[in-house]
Amino acid sequence: MTFPAQRLPDGNILAPHHLYIGVLAAYIVCWVASSRMPKREAWATVTALTVALFGFLFVWPDYPATGALLTLSGIVGALLAMVFRSFWSDSASDLRLAALFCVLIALDDAVSHSFGVWTPLNWFWHVYLIHLVT
């Protein structure tokens, strides 16, 4: 097995990957959570998500292994920040679950392109959605 499984995710880094959807939605959730607690910010989660986005969008096309590692480590870092940072333990549980859901969407795409495994959202796309858009 080669790492990453796809040298260029889906043949086009600018294609509508659900990693982008998950990360951008997680940014919005972090922004809403930070606005509920004005003296505190979700800086650890946002930084980790930015590392993942940077690795996927800018590094992966030229240096696939490094880009995949940055992407995966950024997403795992965001998950760890949500578990261990006191910001998320103090925020509302609905926002914490929303952020977790968004990051798991991004993780699904990163795992799919990095390891070449069939993930739940890829299955849903290929079984139900692709016929609607093609």
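In this report, we go over the structure that sits alongside the text. (Residues numbered from 1 in each chain as written. Predicted model: local features only at pLDDT ≥ 70, side-chain atom pairs only at ≥ 80, totals over all residues. Heavy atoms only, no water.)

What about the packing of helix α5 (residues 93-115) against helix α6 (residues 120-133)?
A pair of packed helices can be characterised by two numbers: the angle between their axes and the separation between those axes.
Thought 1: The N-to-C vectors of α5 and α6 enclose an angle of 85°; their axes lie 8 Å apart at closest approach. The angle between α5 and α6 falls in the class roughly perpendicular. Residues Ile105, Asp108 and Ser112 of α5 lie in contact with α6, whose contacting residues are Pro120, Leu121 and Asn122.
Thought 2: Of the residues in the contact of α5 with α6, the class split is three nonpolar, two polar and one charged. (Axes fitted to C-alpha atoms, helices over the stretch in contact; angles between N-to-C directions. Helix = DSSP H or I, 4+ residues; strand = E, 2+ residues; numbered from the N terminus. Parallel < 35°, antiparallel > 145°, perpendicular 65-115°, else oblique. Contact = heavy atoms within 4.5 Å. Nonpolar A, V, L, I, M, F, W, Y, C, P; charged D, E, K, R; others polar.)

Digging into a nonpolar patch on the surface
Thought 1: A contiguous nonpolar surface patch, about 550 Å² in accessible area, is contributed by Trp118, Trp123, Phe124, Val127 and Tyr128.
Thought 2: With respect to the element layout, Trp123 can be found in helix α6.
Thought 3: Trp123 gets classed as partly exposed once you look at its relative accessible area, which sits at 41%. (Patch = residues over 30% accessible without salt bridge, like charges linked within 9 Å, V, L, I, M, F, W, Y side chains within 5 Å. Areas by Shrake-Rupley, 256 points an atom, 1.4 Å probe, with all protein chains shown as cover. Salt bridge = Lys/Arg side-chain N within 4 Å of Asp/Glu carboxyl O. Buried < 20%, exposed > 50% of the residue type's maximum accessible area, 1.4 Å probe, protein only.)

Some words on the side chain of Asp108
Thought 1: Relative to the elements of secondary structure, Asp108 occurs in helix α5.
Thought 2: Although buried, Asp108 forms no salt bridge, and the nearest oppositely charged side chain, Arg96, lies 21 Å from it.
Thought 3: At 3.4 Å, the side chain of Asp108 and the backbone nitrogen of Leu121 are in polar contact.
Thought 4: If sequence neighbours within four positions are ignored, Asp108 has contacts with His18, Thr119, Pro120, Leu121 and Asn122. (Lys, Arg positive; Asp, Glu negative; His and termini not counted. Polar contact = N/O pair within 3.5 Å; in protein donor to acceptor, adjacent residues only side chain to side chain.)

Re the state of the cysteines
Thought 1: Going through the model one piece at a time under the given rule, you end up with zero disulfides.
Thought 2: In this structure Cys30 is not part of a disulfide, and its nearest cysteine sulfur, from Cys102, lies 8.8 Å away. (Disulfide = S-S within 2.5 Å.)

Re the packing of aromatic side chains
Thought 1: Summed over the entire model, instances satisfying the criterion amount to six aromatic pairs.
Thought 2: Ring centres of Phe124 and Tyr128 lie 5.5 Å apart, and the angle between their planes is 45°; this geometry places the pair in the tilted category. In this pair, Phe124 and Tyr128 are both assigned in helix α6, four residues apart and thus about one turn of the helix distant.
Thought 3: For Tyr128, a relative accessible area of 47% gives the class partly exposed.
Thought 4: Three or more aromatic residues joined by ring pairs form one cluster here, namely Tyr20, Phe56 and Trp60. (Phe/Tyr/Trp six-rings, centres within 6.5 Å; stacked < 30°, edge-to-face > 60°.)

Regarding α6
Thought 1: Along its 14 residues, α6 runs 19 Å from first to last C-alpha, staying within 8% of the 20 Å computed at 1.5 Å per residue.
Thought 2: Roughly 45° is the biggest bend found in α6, and it falls at His126. (Expected span 1.5 Å × (residues − 1). Bend = angle between axes of the 7 residues up to and from the residue.)

Notes on the side chain of His113
Thought 1: If you trace the backbone, His113 turns up in helix α5.
Thought 2: A polar side-chain atom of His113 sits 3.3 Å from a polar atom in the side chain of His17.

Description of the pattern of salt bridges
Thought 1: Considering all chains together, one arrives at one salt bridge under this definition.
Thought 2: Here Asp94 ties to Arg36 by a salt bridge, and the two come within 3.6 Å at their closest N and O atoms. Linking Asp94 in helix α5 with Arg36 in helix α1 (residues 18-36), this pair joins segments that are 58 residues apart in sequence.

A few points about unusual backbone geometry
A negative phi holds for most residues other than glycine; trans holds for most peptide bonds.
Thought 1: Across the junction of Phe3 and Pro4, the peptide omega takes the value -10°, indicating a cis bond.
Thought 2: Here Pro4 lies in the segment before α1.
Thought 3: Despite not being glycine, Asp10 shows a phi value in the positive range, around 55°.
Thought 4: Inspection of the secondary structure assignment puts Asp10 in the segment before α1.

Remember that the coordinates give geometry; whether it matters functionally is a separate question.
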